[in-house]
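Coordinates in review
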Amino acid sequence: MDNQYSYYQNLYNMFGGYNPLLDNKVKKLRRLGFVIGCGMISFTLMQYVFVFILKFLGLESLYNSDALFQTGISAIAPLLYVLLPFVFVYLLYDREDKNSVDIFELPKNKELFVYSAFAGLLICSIGDRATSFISAFFSMTGVDFESPDSLDPTTVPGYFLQIIAYAVIPPLVEEFAMRGVVMQPLRKFGDRFAIVASAVLFAILHGNMVQIPFAFVAGLALGYFAIVTNSIWTSVVIHSLNNLSAVIISIYYTNHSESDMLFYYAIEGAILVVGLIAFILFAKMKPGKLQKDSEEMSGSLRYSTFFCTPSIVISILICLMTSLSFTKVKSGIGMMVTVFSVALIAFLLIKGSLNAKKDTRITRSGMYTFSIVATVIAAFFIMYFVMIMSVASR
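Each value, and the rule that gives it
Residues numbered from 1 in each chain as written. Predicted model: local features only at pLDDT ≥ 70, side-chain atom pairs only at ≥ 80, totals over all residues. Heavy atoms only, no water. 1 Å grid on protein atoms, 1.4 Å probe; cavity = no way out; pocket = protein on both sides within 12 Å on 5 of 7 lines; lining within 4 Å. Points joined across faces, edges and corners; volume = space filled by probe spheres on them. Helix = DSSP H or I, 4+ residues; strand = E, 2+ residues; numbered from the N terminus. Salt bridge = Lys/Arg side-chain N within 4 Å of Asp/Glu carboxyl O. Buried < 20%, exposed > 50% of the residue type's maximum accessible area, 1.4 Å probe, protein only. Core = buried A, V, L, I, M, F, W, Y, C linked by side-chain atoms within 4.5 Å. Contact = heavy atoms within 4.5 Å. Axes fitted to C-alpha atoms, helices over the stretch in contact; angles between N-to-C directions. Parallel < 35°, antiparallel > 145°, perpendicular 65-115°, else oblique. Left-handed = near helix turned anticlockwise from the far one by under 90°. Nonpolar A, V, L, I, M, F, W, Y, C, P; charged D, E, K, R; others polar.

1. Some remarks on the layout of surface pockets
Its volume calculated, the second largest pocket comes out at about 1,100 Å³. Those elements giving two or more residues to the lining of the second largest pocket turn out to be α6 (110-140), β1 (143-145), α8 (191-206), α9 (212-228), α12 (299-307), α13 (310-325) and α14 (332-358). The biggest single contributor to the lining of the second largest pocket is α14, with eleven residues.

2. Focus on the pattern of salt bridges
Taken as a whole and judged by the stated rule, the model has nine salt bridges. Residues Asp23 and Lys27 are paired through a salt bridge, measuring 3.3 Å at the closest nitrogen-oxygen approach. Here Asp23 and its partner Lys27 are both found in helix α2 (residues 20-56), four residues apart, which amounts to about one turn of the helix. Residue classification places Asp23 among the buried positions, given a relative accessible area of 1%.

3. Remarks on the nonpolar core
Counting residues in hydrophobic clusters, the biggest one holds 70 residues, and the most contacted among them are Phe86, Tyr93, Met178, Leu186, Leu201 and Phe306. Every element with two or more residues in this core is listed here: α2, α4 (67-92), α6, α7 (156-186), α8, α9, α12 and α13. Among all residues touching Tyr93, those that are not within four sequence positions of it are Arg31, Leu32, Val35, Ile36, Lys98, Val101, Val181, Val182 and Pro185. Counting ten residues, the second-largest nonpolar core is a separate cluster that includes Val342, Ala346, Ile382 and Val386.

4. So, the packing of α2 against α4
Viewed as axis vectors pointing N to C, α2 and α4 meet at an angle of 150 degrees, and their least axial separation amounts to 9 Å. The pairing of α2 with α4 is recorded here as roughly antiparallel in orientation. Where α2 crosses over α4, the two elements pack in a sense that is right-handed. Contacts from Arg31, Val35, Ile36, Gly39, Met40, Ser42, Phe43, Met46, Gln47, Phe50 and Leu54 in α2 reach Ile73, Ala77, Leu80, Tyr81, Val82, Leu84, Pro85, Phe86, Val89 and Leu92 in α4. Taken together, the residues of the contact of α2 with α4 break down into 17 nonpolar, three polar and one charged.

5. A short note on the packing of α7 against helix α10 (residues 232-255)
It is at 8 Å that the axes of α7 and α10 come closest, and there the two elements cross at 150 degrees. Looking at the two axes, α7 sits roughly antiparallel to α10. The handedness of the crossing between α7 and α10 comes out as right-handed. Here the contact of α7 with α10 is composed, by residue class, of 14 nonpolar, nine polar and three charged.

Okay, structure coming up:
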């Protein structure tokens, strides 16, 4: 089949013009991008629904003042605004894409699984350090990143609930969504593409710059180790271990002075040492290589086709606006850096949309014109908002 495809691919390339084989491939990716993007938008909308439910039931003030209640709600919330939207996405898939999501068997190679878990945890820790570096760099320019406020429990039941809310439920739900529903159907377009695409969407899911860089790096590790072990449970365990270490550190500093850094360094040092050993042993096992897309479809066309569908563009723009709501611009240089960052994202989206439109080998789609218009309007609005926000904060 691959040889037959290559023969016709070369024939179409030789004479130029419309290529029905490539066009069919692009249409499948275009549809996947649109459906997954709808899931991302639904994720945002469901958060507003969740807030409305709290207000309607008169529980908003209790949520903002009671740490135990807030943590309990945080445990339930992902089931509503992460699980439901991506179950909906799964139901919209055709039979082939639904079947590809089924990687819930336990890893067959237990040693590879253990090494992958701790090597993945190390990469997540590196992502956390990278995020700190990025935050420090932007802070020097007068741009400070913040994250949503949360209350820390101070009782044993609260600590237990905190572990459930952050180290059990989110890893299960988010890995089903990102490494299952999103990544697996994309693997037919190449494993590397599937890993990067799911990592980008995983980062967007977090919606603030304190978490986005970390989530992207972690998403790369989670996707890679899920594929090489052929089980989503590997990424669930890595995700859970990473969140558990953060919760343990949080619980410790709820009861101890933040100036006592010994415990933090002990946890991070243990992750570093064990992770390095696990990574070396993992590499010695020579895990299987990532599969390449057997059909001729350039990387730029893949990323443009997928990321520039209107639903994903809208979800990216929503993430950008949400991130800016957790950002303080305190100087003229900070304003320039922020405006430049927004302009760069807009440029990449517009360039990608044009790339998805101009290829003469495939059927052109009007959806990318919509993406361009939406990006231009949103970019100008966001840059105006940044300038107003910068003036108001000085």
